[in-house]
Amino acid sequence: IAGLEAAAPFGAHRVLVRADSKLVVEQVKGTWKVRQPHLRPLLDAARALLRSYAETDLQHVPRAQNTAADALVNAALDAPDAGPEAAPELARED
């Protein structure tokens, strides 16, 4: 959710979401059910954010293969201003 919120100001039409939790990926896709009621608002928030994109792709990436992505997310979340101006090198024109 934080990653989708941080990506919103970039104005992209497509988003690729990679996560190290297969459970979360499959629940957001709707393949697997969310059985814990307290998680439903988080699922709804993630799906609402994804609906703002014309094209979405959710992929599971095992934790051992996800170290570079973790480092980028941590750097972005730690930045004083996590908007597009904070990391112009990450902005891409489609």
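Please refer to the structure higher up on the page.
What counts as what
- Residue numbers run consecutively from 1 along every chain, following the written order of its sequence.
- Selection of residues for local features in this predicted model requires a pLDDT of at least 70, selection of side-chain atom pairs for listing and counting requires 80 or more, and totals for whole chains, interfaces and linings are taken over all residues.
- The basis for the side-chain values is all heavy atoms of the structure; hydrogens and waters are excluded.
- By definition, any uninterrupted DSSP run of H or I lasting at least four residues is a helix, any uninterrupted run of E lasting at least two residues is a strand, and each is numbered from the N terminus.
- Distance and chemistry together define a polar contact, namely a pair of N or O atoms within 3.5 Å, with one atom able to donate a hydrogen and the other to accept it when in protein, and with adjacent residues in sequence counting only for side-chain atoms on both sides.
- As a rule, the C-alpha atoms of each element are fitted with a line to give its axis, helices using only the stretch in contact, and angles between N-to-C directions run from 0 to 180 degrees.
- Put simply, angles under 35 degrees are roughly parallel, angles over 145 are roughly antiparallel, angles from 65 to 115 are roughly perpendicular, and the rest are oblique.
- Crossings are assigned a handedness: left-handed for a near helix turned anticlockwise from the far helix by less than a right angle, right-handed for a clockwise turn.
- Any two residues whose heavy atoms approach within 4.5 Å at even a single point are treated as in contact.
- Note on residue categories: nonpolar means Ala, Val, Leu, Ile, Met, Phe, Trp, Tyr, Cys or Pro, charged means Asp, Glu, Lys or Arg, and polar means any other residue, Gly included.
- Think of a patch as exposed residues, more than 30% relative accessible area, with no salt bridge, where like charges cluster within 9 Å and nonpolar side chains (Val, Leu, Ile, Met, Phe, Trp, Tyr) cluster within 5 Å.
- With residues, only the protein chains shown are counted as cover, and all accessible areas are computed by Shrake-Rupley using a 1.4 Å probe.
- One speaks of a salt bridge when a side-chain nitrogen belonging to Lys or Arg is within 4 Å of a carboxyl oxygen belonging to Asp or Glu.
- The classification of residues rests on relative accessible area computed with a 1.4 Å probe and restricted to protein chains. Under 20% of the type maximum is buried, over 50% is exposed, and intermediate values are partly exposed.

**Q** What is the right way to look at the environment of serine 52 in this model?
**A** Tracing the backbone through its elements, the reader meets serine 52 in the loop between helix H3 (40-51) and strand S2 (55-60). Through-space distance from the C-alpha of serine 52 to that of alanine 12 is 9.4 Å; in sequence the pair is 40 residues apart. At a separation of 2.7 Å, a polar atom in the side chain of serine 52 contacts the main-chain carbonyl oxygen of leucine 49.

**Q** Looking at this model, I keep getting lost on the packing of helix H2 (residues 22-29) against H3. Mind explaining?
**A** Describing two packed helices takes the angle between their axes plus the distance from one axis to the other. One way to put it is that H2 packs onto H3 with a least axis distance of 10 Å and a crossing angle of 65°. As the angle between them shows, H2 and H3 are arranged roughly perpendicular. In the packing of H2 onto H3, the handedness of the crossing is right-handed. Contact residues: H2 offers Gln27, Val28 and Lys29, while H3 offers Leu43, Ala46, Arg47 and Leu50. Looking at side-chain class alone, the contact of H2 with H3 contains four nonpolar, one polar and two charged residues.

**Q** How should I be thinking about a nonpolar patch on the surface in this particular structure?
**A** On the surface, a nonpolar cluster with roughly 230 Å² of combined accessible area is contributed by Ile1, Leu39 and Leu42. Tracing the backbone through its elements, the reader meets isoleucine 1 in the segment before helix H1 (2-7). Taking relative accessible area as the criterion, isoleucine 1 reaches 38% and is therefore assigned partly exposed.

**Q** Would you explain the pattern of salt bridges in this entry?
**A** When their charged atoms lie close together, side chains carrying opposite charge are able to pair. Counted according to the given criterion, the structure contains one salt bridge. Residues lysine 22 and glutamate 26 are paired through a salt bridge, measuring 3.4 Å at the closest nitrogen-oxygen approach. Of the two residues, lysine 22 and glutamate 26 both sit in helix H2, four residues apart, roughly one turn of that helix. By relative accessible area, lysine 22 is classed as partly exposed at 40%. Here glutamate 26 falls in the buried class, since its relative accessible area comes to 10%.

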